[in-house]
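Single-letter residue listing:
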Amino acid sequence: MVGPFVRNAVAKTGSDVDTLNFLLAFEYLESAFYGAAYERVRGSHLDFFVGLIADYEMQHDEPLVSMIEGLDGKPVEKPKFDFSYSDDAGLLRLAQLIEETAVGAYSGAMLSIENKEALSLAGSIAQIEARFAGAVRAQNGEDPAPSAFDSPVSEAQVLATLEMFRR
Amino acid sequence: MYADVIESGLIKGPLLETIRKFGSQEAEHVAALTALVKQMGGTPVAKARTSFPLRGRISALELIAEVEDLSGAAYLGQIVHVKNSAVLESMLAIFAVEGRHMSTVDKLIGFGITPGAFGSPMEAGLVLRQAESYVVSGNGKTPRKAN
């Protein structure tokens, strides 16, 4: 079932504010995931890797909030998430799912953003999500770039991923 | 660039497979963009003759990282100018793969998987000036010998 948080995020599909809110919602998920993940792996061999991604992912929220406010929009509320995994391997598999969904979410969302500054901001974040998607795949022993062309992830799929982890 | 690095023999072992893979993906990007330009009634630019400084294994990997960074910045600079949504979709499909290449190569040369939280765009003029350093002839200019 789609909760009010996600419904609000895409209530009026079509405007840049809605698209940016959709991306902000996913960034909140990433910040929450890596914040908790870093607490778990601190001091272990994954400290640097997860810590670096956590640090940079958390920097993505604020500029999106500012951009939404600059376009006279209201940023979505930060929801609570719950991520369950029992070991480092589970954490990294979840990280891969989240990063791949993020790259695809940006690729899809950027097709409908009209404001150039907003598009530029989304692009500058999307590039880092793609870096992370490749790096997490490599960390999992997988091909960092399995195809010459990335595919967008549908809005429905992104929302389903958001709901899957929402508490 | 990838072709020259592979041909140089400076990269060996499992790493060579990664470089080959990335190189073949770049060739697919060239083919896709060429087809797109033709489809829109344009003439694809001629392939420039290039020469890359290949002094050793590390410098070859650093070169790849530099060119991938330039490519990522070039796409980031151009996506805001694209009006046709099919063109934007193709560019974004390539742009994301360049990002995957970038973190992989940065890690190979001992850097972190990203230098920061945000990618930096570069305008076309600056991209071309930087790319010019690898061009030895082309665009009707008098060919000069590679070093």
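Residues numbered from 1 in each chain as written. Chains lettered and ligands numbered in written order. Predicted model: local features only at pLDDT ≥ 70, side-chain atom pairs only at ≥ 80, totals over all residues. Heavy atoms only, no water.

Asks: Lay out the interface of chain B and chain A with the relevant residues and their values.
Replies: In this complex, chain B contributes 38 residues to the contact, which on the side of chain A involves 39 residues. Where chain B abuts chain A, roughly 3100 Å² becomes buried across the two surfaces, and 64% of that area is made up of carbon and sulfur atoms. Sorting the residues of chain B by area buried against chain A places B:Arg100, B:Ile113 and B:Phe118 first, and these three jointly supply 23% of that buried surface. Taken together, the connections running from chain B to chain A amount to five salt bridges. One salt bridge in this structure joins A:Arg131 and B:Asp69, with 3.2 Å as the shortest N-O distance. Sort the elements by how many residues they give to the side of chain B that touches chain A and helix α4 (residues 85-108) of chain B lands first, with 17 residues. Of the residues that constitute the side of chain B that touches chain A, the class distribution is 18 nonpolar, 13 polar and seven charged. (Contact = heavy atoms within 4.5 Å. Buried area = accessible area lost by both parts, 1.4 Å probe. Salt bridge = Lys/Arg side-chain N within 4 Å of Asp/Glu carboxyl O. Helix = DSSP H or I, 4+ residues; strand = E, 2+ residues; numbered from the N terminus. Nonpolar A, V, L, I, M, F, W, Y, C, P; charged D, E, K, R; others polar.)

Asks: If you had to explain the side chain of A:Ser124 to someone new, which residues and values would you point to?
Replies: With respect to the element layout, A:Ser124 can be found in helix α6 (residues 116-139). Not counting chain neighbours up to four residues away, the residues in contact with A:Ser124 comprise B:Leu76, B:Ala117, B:Phe118 and B:Gly119.

Asks: An account of the pattern of salt bridges is needed here, citing residue identities and associated values.
Replies: On inspection of all chains with the given rule, the structure shows 10 salt bridges over all chains. Measuring nitrogen to oxygen at the nearest pair gives 2.2 Å for the salt bridge that ties B:Lys21 to A:Asp143. Of this pair, B:Lys21 sits in helix α2 (residues 14-39) while A:Asp143 sits in the loop between α6 and α7 (155-165), which puts the two residues in different chains. On the basis of relative accessibility, which here comes to 27%, the residue B:Lys21 falls in the partly exposed class. Notably, a salt bridge pairs A:Asp150 with B:Arg100, separated by 2.9 Å at the nearest N-O pair. On the criterion of chain membership, the pair formed by A:Asp150 in the loop between α6 and α7 and B:Arg100 in helix α4 is interchain, its members lying in two chains. (Buried < 20%, exposed > 50% of the residue type's maximum accessible area, 1.4 Å probe, protein only.)

Asks: Explain the packing of aromatic side chains to me, and be specific about the residues and the numbers.
Replies: All names here are of chain A. Per the stated rule, a full pass over the model turns up six aromatic pairs over all chains. Centroid distance Phe33 to Tyr85: 6.1 Å. Interplanar angle 70°. Geometry classified as edge-to-face. Taken together, the residues Phe33 in helix α2 (residues 16-41) and Tyr85 in the loop between α4 (61-70) and α5 (88-109) connect sequence positions 52 residues apart. Overall, Phe33 belongs to the buried group, its relative accessible area being 0%. Ring geometry for Phe83 versus Phe165: centroids 5.2 Å apart, planes at 35°, classification tilted. Within this pair, whereas Phe83 is found in the loop between α4 and α5, its partner Phe165 is found in helix α7, the two being separated by 82 residues in sequence. Exposure class is identical for Phe83 and Phe165. Each is buried. Through successive ring pairs, a cluster of aromatic residues spans Phe33, Tyr34, Phe81, Phe83, Tyr85 and Phe165. (Phe/Tyr/Trp six-rings, centres within 6.5 Å; stacked < 30°, edge-to-face > 60°.)

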